[in-house]
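One letter stands for each residue in the lines below.
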Amino acid sequence: MEIDPDKVFSVVVFVGDSTFKTAMRDNVVYAGDYVRFIKSKTQPILSDGEILDICTRIQSGRLRPSIRTHIDHVKQVKVIVAEKQRQEDNLCPKCGKPMILRTARSVNNQGKQFWGCSGFPKCRTVRQTSHRCLQR
Ligand SMILES: [Zn+2]
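Report follows, based on the coordinates. Every chain begins its residue count from 1, and numbering advances along the sequence as written. It should be noted that, the model being predicted, local features are given only for residues of pLDDT at least 70 and side-chain atom pairs only at 80 or more, the latter also being counted only at that level, while totals for whole chains, interfaces and linings use all residues. Only hydrogens and water are set aside; all other atoms, that is, all heavy atoms of the structure, feed into the side-chain values.

### Regarding the sheet that holds strand 5 (residues 126–128)
To keep things clear, this is the line we draw: Two strands pair if DSSP finds at least two bridges between them. Only DSSP runs of H or I with at least four residues qualify as helices, and only runs of E with at least two residues qualify as strands; both kinds are numbered from the N terminus onward. A fitted line through C-alpha atoms serves as each axis, taken over the contacting stretch for helices, and the angle formed by two N-to-C directions is quoted from 0 to 180°.
The strand order across the open sheet formed by three strands is 3-4-5, and the pairing between neighbours is antiparallel. The sheet is open, and its two borders are formed by strand 3 (99–103) and strand 5, each paired with just one other strand. Strand-to-strand twist of the sheet, defined as the mean angle between neighbouring strand axes without regard to direction, takes the value 35 degrees. Bridge count for strand 3 against strand 4 (residues 113–117) is five bridges, and the pairing is antiparallel. Counted as the bridge partner of Arg102 is Phe114 from strand 4.

### Let's talk about the coordination of the zinc ion
In an ideal tetrahedron of four donors about a metal, each angle is 109.5 degrees. In an ideal octahedron of six donors, the angles are 90 or 180 degrees. Under the convention used in this document: Here the coordinating atoms are restricted to nitrogen, oxygen and sulfur within 2.8 Å of the metal centre, or 3.2 Å for Na, K and Ca, and because water is not among them the sites may look incomplete. In short, tetrahedral needs four donors with all angles between 85 and 135 degrees, square planar needs four and octahedral six donors with opposite donors over 155 degrees apart and all other angles between 65 and 115, and whatever is left is irregular. We call a residue buried when its accessible area falls under 20% of the maximum for its residue type, exposed when it is over 50%, and partly exposed in between, using a 1.4 Å probe and counting protein chains only.
Ligation of the zinc ion by protein atoms is provided by Cys92 (SG), Cys95 (SG), Cys117 (SG) and Cys123 (SG), these donors lying 2.2 to 2.4 Å from the ion. Metal-centred angles of 97 to 120 degrees between the four donor atoms at the zinc ion mark the site as tetrahedral. Along the chain, the residues donating to the zinc ion are arranged with the sequence spacing C-x2-C-x21-C-x5-C. Here Cys123 lies in the loop between strand 4 and strand 5 and Cys95 lies in the loop between helix 3 (67–89) and strand 3, a separation of 28 residues in the sequence. When its relative accessible area of 35% is taken as the criterion, Cys95 is described as partly exposed.

### A look at the nonpolar core
For soluble globular proteins, nonpolar side chains are generally found buried alongside one another. Operational definition: In these notes, a set of buried Ala, Val, Leu, Ile, Met, Phe, Trp, Tyr and Cys residues joined through side-chain atoms within 4.5 Å is what counts as a nonpolar core. The contact definition used throughout considers only heavy atoms, calling two residues in contact when any of these lie within 4.5 Å.
Of all hydrophobic cores here, the largest spans five residues; its members are Cys92, Met99, Trp115, Cys117 and Cys123. If sequence neighbours within four positions are ignored, Met99 has contacts with Asn90, Leu91, Cys92, Trp115, Gly116, Cys117, Thr125, Val126 and Arg127.

### A few points about the layout of surface pockets
This is how it is decided: Two kinds of site are reported from a 1 Å grid over the protein atoms alone, namely cavities, where a 1.4 Å probe fits but cannot get out, and pockets, open sets with protein on both sides within 12 Å along at least five of seven lines, and residues are called lining when an atom falls within 4 Å of a point. Grid points are joined across faces, edges and corners, and a volume is the space filled by probe spheres set on the points. Three residue categories are used. Nonpolar comprises Ala, Val, Leu, Ile, Met, Phe, Trp, Tyr, Cys and Pro, charged comprises Asp, Glu, Lys and Arg, and polar comprises the others, including Gly.
The calculated volume of the largest pocket comes to roughly 710 Å³. Along the wall of the largest pocket there are 20 residues; nearest its centre are Val12, Phe14, Val28, Val77 and Val81. Elements represented by at least two residues in the lining of the largest pocket include exactly strand 1 (12–14), strand 2 (28–30) and helix 3. Examining the composition of the lining of the largest pocket, we find that eight residues originate from one element, helix 3, more than from any other. Split into classes, the residues belonging to the lining of the largest pocket amount to eleven nonpolar, five polar and four charged. What the second largest pocket holds in volume is close to 350 Å³. Lining of the second largest pocket is provided by 15 residues; of these, Lys7, Val8, Phe9, Ile45 and Leu46 occupy positions nearest its centre. Put simply, the parts of the chain that give the lining of the second largest pocket at least two residues each are helix 1 (34–39) and helix 2 (48–61). Top element by residues in the lining of the second largest pocket is helix 2. It accounts for four residues. Grouping the amino acids of the lining of the second largest pocket by side-chain chemistry returns twelve nonpolar, one polar and two charged.

What follows is the structure in structure tokens.
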């Protein structure tokens with residue numbers, strides 16, 4: 001059985017010695033505040049059978065809590081954070097060099113601007129400008 005993604009709500013819970021430096025979405029919470037998020041979902045969307053099936057699968061698929069699991073988790077989070085920082089600094093996701101604004105010369109896209117890696121032609125990473133335009 002595949003679960004419809006619309007029926008799944010992610011919630012991120014921080015515990016221990018941590019505080020949020022900026023405002024968070026309502027599904028990113030500190031400690032016991034996750035209870036409020038869960039209780040805000042009141043519409044039943046799964047049958048009893050579906051719930052049982054999901055619980056069984058979570059129990060069988062859960063990684064055993066260990067140092068190894070913790071290290072892998074921290075590593076993965078660091079990769080995500082570094083990638084986000086690169087996007088904010090406008091660095092190439094592939095080689096880390098700055099992205100620079102270029103103008104297309106091809107017949108189809110003539111005059112269109114895009115972000116190209118300054119490592120060109122060694123690195124050919126490009127990114128459309130639309131998102132940046134909205135942000136800045
Ligand atoms: Zn590059």
